[in-house]
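Listed below, chain by chain, are the residues.
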Amino acid sequence: MFYNQLESIFGALKRIGRALLLLGGVGLAAPAAAGPPATPEKPSAYLFVYFTGNDKKEEAIRFALSPDGYHYTALHGNRPVVSSAAISQTGGVRDPHILRGHDGKTFYMTATDMVSAQGWDSNRGLVLLKSTDLINWKSSAVHFPTRYPHQESLKRVWAPQTIYDVKAGKYLVYFSLQYAGGPDKIYYAYANKDFTDLEGEPKQLFFSPTNGSCIDGDIVAKGGKYYLFFKTEGQGNGIKIAVSDKLTSGYVQRDQYVQQTTSPVEGAGTFKLNNSDDYILMYDMYTSGKYQFTRTRDLEHFAVVDGEVSMNFHPRHGTVLPITAAEATRLATRWLAPTDVLLTATNPALRKPNTVVDSAAGKVDFLALPGTNLKAFDLQISNPALPVAPSGPQNFAAGPVTYTVGQGAAKRAYRVSVTETHNPALPGYYADPAILYAEKTGKFYLYPTTDGFTGWSGTYFKTFSSSDLVNWKDEGVILDLPKDVSWAKKSAWAPCIIEQKTATGYRYAYYFCAGAKIGVALSDSPTGPFKDSGRPLLDQLPEGVKGGQQIDPAVFKDPKSGKTYLYWGNGYLAGAELNDDLVSLKPGTTRVLTPDKTFREGGHVLFRNGTYYVMWSEDDTRSPNYQVRYGTATSPLGLITVPANSLVISKKPAAGIYGTGHNSTIQVPGRDEWYLVYHRFTYPTGIKMGGDAGFHREVCIDKLEFNPNGSIRPVVPTHTGIQPVRVK
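First things first, this report covers the structure right here in the doc. (Residues numbered from 1 in each chain as written. Predicted model: local features only at pLDDT ≥ 70, side-chain atom pairs only at ≥ 80, totals over all residues. Heavy atoms only, no water.)

Helix and strand counts for the chain stand at six helices and 48 strands. Against the compact-globule benchmark of 27 Å for 728 residues, the chain has a radius of gyration of 29 Å, which places it among compact chains. When its C-alpha atoms are laid out on the principal axes, the chain stretches across 85 × 60 × 45 Å. Per-residue burial for the chain yields a buried fraction of 57% across its 728 residues. Residue pairs at least 24 apart in sequence account for 52% of intrachain contacts in the chain once pairs closer than 6 positions are excluded. Charge separation in the chain, taken as the distance between the mean sites of 75 positive and 66 negative side-chain charges, equals 3 Å. (Helix = DSSP H or I, 4+ residues; strand = E, 2+ residues; numbered from the N terminus. Rg over C-alpha atoms; globule rule 2.2 N^0.38 Å. Buried < 20%, exposed > 50% of the residue type's maximum accessible area, 1.4 Å probe, protein only. Contact = heavy atoms within 4.5 Å. Lys, Arg positive; Asp, Glu negative; His and termini not counted. Charge placed at Lys NZ, Arg CZ, Asp CG, Glu CD.)

Our next topic: the packing of aromatic side chains. Summed over the entire model, instances satisfying the criterion amount to 36 aromatic pairs. A ring pair is formed by Phe 599 and Trp 616, whose centres lie 6.4 Å apart and whose planes are at 45°; its orientation type is tilted. Of this pair, Phe 599 sits in the loop between β40 (591-592) and β41 (601-608) while Trp 616 sits in strand β42 (residues 611-618), placing them 17 residues apart in sequence. Among the residues examined, Phe 599 registers a relative accessible area of 6% and is labelled buried. Relative to Phe 706, the ring of Tyr 613 has its centre 5.3 Å away and its plane inclined at 65°; by these criteria the two rings are edge-to-face. On the criterion of sequence distance, the pair formed by Tyr 613 in strand β42 and Phe 706 in strand β47 (residues 697-706) is long-range, its members being 93 residues apart. Side by side, Tyr 613 and Phe 706 carry an identical accessibility label, which is buried. The lysine or arginine in question, Arg 156, covers the ring of Trp 158, its NZ or CZ lying 4.0 Å from the ring centre. (Phe/Tyr/Trp six-rings, centres within 6.5 Å; stacked < 30°, edge-to-face > 60°. Lys NZ or Arg CZ within 6 Å of the ring centre and 35° of its normal.)

This part takes up the nonpolar core. Ranked by internal contacts, the top residues of the largest apolar core, which has 47 residues, are Ile 61, Phe 63, Leu 331 and Leu 379. A total of four residues in this core trace back to one element, the largest contributor, which is helix α4 (residues 325-335). By size, the runner-up hydrophobic cluster in this structure holds 43 residues, among which are Tyr 447, Ala 514, Ile 518 and Leu 582. (Core = buried A, V, L, I, M, F, W, Y, C linked by side-chain atoms within 4.5 Å.)

Glancing now at the sheet that holds strand β14 (residues 213-222). Taken in spatial order, the four strands make up an open sheet running β14-β15-β16-β17, and their pairing is antiparallel. Taken across any chain shown, the strands that pair with only one partner, and hence form the sheet edges, are β14 and β17 (252-253). Sheet topology places strand β15 (residues 225-233) next to strand β16 (residues 238-244); seven bridges connect them, and they run antiparallel. Pairing of Phe 230 across the sheet is with Lys 240, part of β16. (Pairing = 2+ DSSP bridges.)

With an omega of 0°, the peptide bond between Asn 423 and Pro 424 qualifies as cis. Secondary-structure assignment places Pro 424 in the loop between β28 (412-420) and β29 (430-438). The linkage connecting Gly 528 with the following residue, Pro 529, adopts the cis geometry, with an omega of 5°. Tracing the backbone shows Pro 529 in the loop between β35 (517-523) and β36 (531-532). The phi torsion at Trp 456 lies on the positive side, around 55°, for a residue other than glycine.

Right, let's talk about the sheet that holds β29 for a bit. Spatial strand order, β29-β30-β31-β32: four strands in an open sheet with antiparallel pairing. Strands at the two margins of the open sheet, each flanked by one partner only, are β29 and β32 (473-480). In this sheet, adjacent strand axes meet at a mean angle of 25° when their direction is disregarded. Direction of pairing for β29 relative to strand β30 (residues 443-450): antiparallel, over a ladder of seven bridges. Looking at β30, one finds that Ile 435 is bridged to Leu 446. (Axes fitted to C-alpha atoms, helices over the stretch in contact; angles between N-to-C directions.)

Right, let's get into the pattern of salt bridges. Inspection of the entire model under this criterion finds 26 salt bridges. Across the pair Arg 100 and Glu 327 runs a salt bridge whose closest N-O atoms are separated by 2.8 Å. Taken together, the residues Arg 100 in strand β6 (residues 93-100) and Glu 327 in helix α4 connect sequence positions 227 residues apart. Owing to a relative accessible area of 5%, Glu 327 belongs among the buried residues under this scheme. In this structure, Glu 233 engages Lys 231 in a salt bridge whose closest nitrogen and oxygen atoms are separated by 3.1 Å. The class for Glu 233 is partly exposed, based on a relative accessible area of 24%. Taken together, the shared-partner salt bridges connect Lys 231, Glu 233, Glu 266, Asp 284 and Arg 316 into one network. (Salt bridge = Lys/Arg side-chain N within 4 Å of Asp/Glu carboxyl O.)

Next up, the structure:
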């Protein structure tokens, strides 16, 4: 689609005879280079250069543009802008670094020459690239065993970067080398005049005081000093800084790590913000599938600014270069689709992940948060490269608004709509929602799995509060496994909660999964903080069960008896009575309750008009067919009867809704009014993600209704959601 889009945009330019050049030996067509500006121009935008993953097709150079250093849009549809096969010996490149030359108009890139599938010790070289327009690149590969003698024990060459040495009048290329039996060390060599080769033998740049491994060097020149950021390995892993008043020697290591996360990190990259004395330090949280951005002025204290950062791609180890408006325009004209320009809209009321783009039809449909004033709504398009009209607030309440993007023959019109919706209920990726109405506060609370982590690898839980089931406030993290739980540090899944009124007030028991076990934490507030009991509540299969996991707790207080019960299980459903302390099960009460072969996980129990309803999820959460069924029982641990039509909610392909499952329910206090809370694949992209949709899920709420005979009326999943609910 993007190729067709770009062809239509540039077709007119081709017809008037603009020649396309072959991209500097890399096999991609590109327009003739525009010359540098006649007068110096201050940078006003940013170019992000990155790769995307460990598959060979991902090990290639990609570009993204940003107007402010915080909001990035991938160019060329997040496809490579340079052919790895044409520039490298291995067929892949990683860790690209870009530098503006000392003359202000030449650009230099370096990259690791590597295909990770061949092994982490498989590469022996790097790639040098040079350009005068950021589009056409000349390249050469430097293979160390060929370039230098006595390299038989060389295992790898990693993460090269470039800096201009003013005293030497040359470009210094620095990188890490590892030889058999030793740690990774950061070396350097000067590039030749044409930036096609290295001169002289590599020399060690930094000497670790512990002789530990050091990789991913990044040098910042500031105030007459050189700050070398690097990653340590083997003796504590993270990013440290060494400082020197000389570029090639004398670096003294600071003790503290500077990353602002407990997750593993690599690939530190720094850049100075335009029109500011501040810098951004960013790094690749490579096990979490995301980047972290921090801001600093003194290169010593770093504040996380992740909440201000957005990208429509998932980068790995890259660098950011401040660029001029003319350079940004040149890149955008070559590689930015007009729809991508519209998607740079930054109004916080937009549900950006839920935007539907139809490039062929010239349509962009945005969804907006509850309460958005559509009569005077400003998309806040923030694009440094291509002109967009109209600007400012528009009346979307009257229907779609026509926007034009680009200029001249490449100009194109789009019909843009903005619609207020109440689903997803929470912005962002969340799943497995449990819901509570707290008597103490008179508010509703949602307790989901924090989603969006590859392989369900999240490590913390949040909660959200609302007075009307529509407008939700993020109350922050209430339980962090690495900090708060001693017996498990990963796989924070599928929580639930119950409120207990005591003689002295209220307390809350929060049941959660960690490391495929179930724990419990207590608090005197529905928003925490919660204190873990110190041990798992459930870590073994019930007697007679041969397989499955101890996950997906569901807690239920029986209004008839006043007793409290816990249900759990994946592959089976079990239940037991809880003791009054809420942190232990009453001995001898555990029952296996698996209703039928459709049961997979996500059990939930409610009571209405004398009947106990048991709900569960069928199929796999990665499947579009993930759905909810139900049965009924006459007691909390009694035999479950499954009706002929047991479906509660399922996919709605016509609306692009899939994977509807793992639910809870909420009754409005004092009324026979019920709502179903569930998750679905992220809309609209989830259905295209394959198995990854199983950890890119969204929480939704729709009305739950019953037939006169007490059976559940199948719920139709919607984007509209529900209207605000008032308890009193």
